[in-house]
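# Coordinate inspection notes
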Amino acid sequence: MSIHFQTGGIRLPEVSRGNRDTQVGSKRHFTGGAVIGDDHGVRLGLESNLEKMALLLLSARPTTLDVVEQVAFEWYDEHGEYHTHYMDLVAKQTDDRVVGYAVRPSQHAGLKYTLKLARIKQQAIRGGVVNDFRLFTEQDVCPVELFNAELFHAVRRPDCFADPVMQDVAGASVGVTTIGALVDESGLDGMGFRAAVRLIKSGHLQMVRYERIERSSEVFRTLTI
């Protein structure tokens, strides 16, 4: 007997564009994957919880166009010996700048490691591979920014019913209001809140204060609605 599965038109995410495969599992540290981008998205492999947080933060920023993980770069040490360094994350920005990131806990980013990164950074910039190369540690994680980034990621899928309704409601708003007031006017409850968050992510709504996105958060519409 043969069994046939119907996909129903579902399209899987594009495969990782990294230059090496990340670990599928480890007993010592976090491993996993994430899907970012519009539509079906693209898969990225992750080898630490810190990498996951860095990816979410970078993806949520309006200055980020794209993020790729594990990008290979050939560099040479003080003895002229060549090595391959894999940049944990590389972000292409809206200003066409390309920024690489080495993601590492601060307790493991000692002098020897940072000196190596400085040499890699110099060669990578000189070779035109990146415009900048930065060390990302847990000290670069803002709890407010991370909360909002996780929320943006959780509600990223568009809603063909709720989104147009919330666009009309937000577009008709005057001055400063709250997300809760917009949601109440839409009558969509949770669907409306998620749609409002997507409008913040897209820049159609702007927060009055830098804070966690909640129903009580004050917002105002931009001219792009």
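The structure reproduced in this document is the subject of the present report.

Procedures and definitions
- Residues numbered from 1 in each chain as written.
- Predicted model: local features only at pLDDT ≥ 70, side-chain atom pairs only at ≥ 80, totals over all residues.
- Heavy atoms only, no water.
- Pairing = 2+ DSSP bridges.
- Helix = DSSP H or I, 4+ residues; strand = E, 2+ residues; numbered from the N terminus.
- Axes fitted to C-alpha atoms, helices over the stretch in contact; angles between N-to-C directions.
- Contact = heavy atoms within 4.5 Å.
- Buried < 20%, exposed > 50% of the residue type's maximum accessible area, 1.4 Å probe, protein only.
- Right-handed = clockwise from strand over helix to strand, strands pointing away.

### With respect to the sheet that holds strand β7 (residues 177-178)
Read from one edge to the other, the open sheet built from 3 strands follows the order β7-β9-β8, with strand pairing classed as antiparallel. The open sheet has two edge strands with one neighbour each: β7 and β8 (205-207). One ladder, built from 3 bridges, connects β8 with strand β9 (residues 218-221); its direction is antiparallel. When the sheet's bridge partners are listed, Q206 is paired in β9 with F220.

### Regarding the sheet that holds strand β5 (residues 98-103)
One open sheet holds the 4 strands; their spatial order is β3-β4-β5-β6, and the pairing between them is mixed. The outermost strands of the open sheet, each flanked by one partner alone, are β3 (64-76) and β6 (132-136). Averaged over all pairs of adjacent strands, the angle between strand axes in this sheet comes to 35°, irrespective of strand direction. Relative to β6, β5 runs parallel, the two sharing 5 bridges. Counterpart to V99 in the pairing with β6 is D132. Here helix α1 (residues 49-60) sits on the sheet in contact with β3, β4 (82-93), β5 and β6, set at roughly 40° to β4. Against the sheet, helix α2 (residues 111-126) makes contact with β3, β4, β5 and β6, and its axis sits at roughly 105° relative to β3, the strand it touches most.

### As for the pairing of β5
Within β5, 5 of the 6 residues are buried, which leaves the element mostly enclosed by the surrounding structure. Adjacent in sequence and paired antiparallel, β4 and β5 are bridged by 4 residues, among which D96 carries a positive phi angle near 75°. As a crossover connection, the stretch from β5 through α2 into β6 is right-handed.

### Quick look at the side chain of Q93
Note on placement: Q93 falls in strand β4. Using a relative accessible area of 14% as the deciding quantity, one classes Q93 as buried. When near neighbours in sequence (up to four residues on either side) are disregarded, Q93 contacts T63, T64, L65 and V99.

Function-wise, these values are silent; they only describe arrangement.
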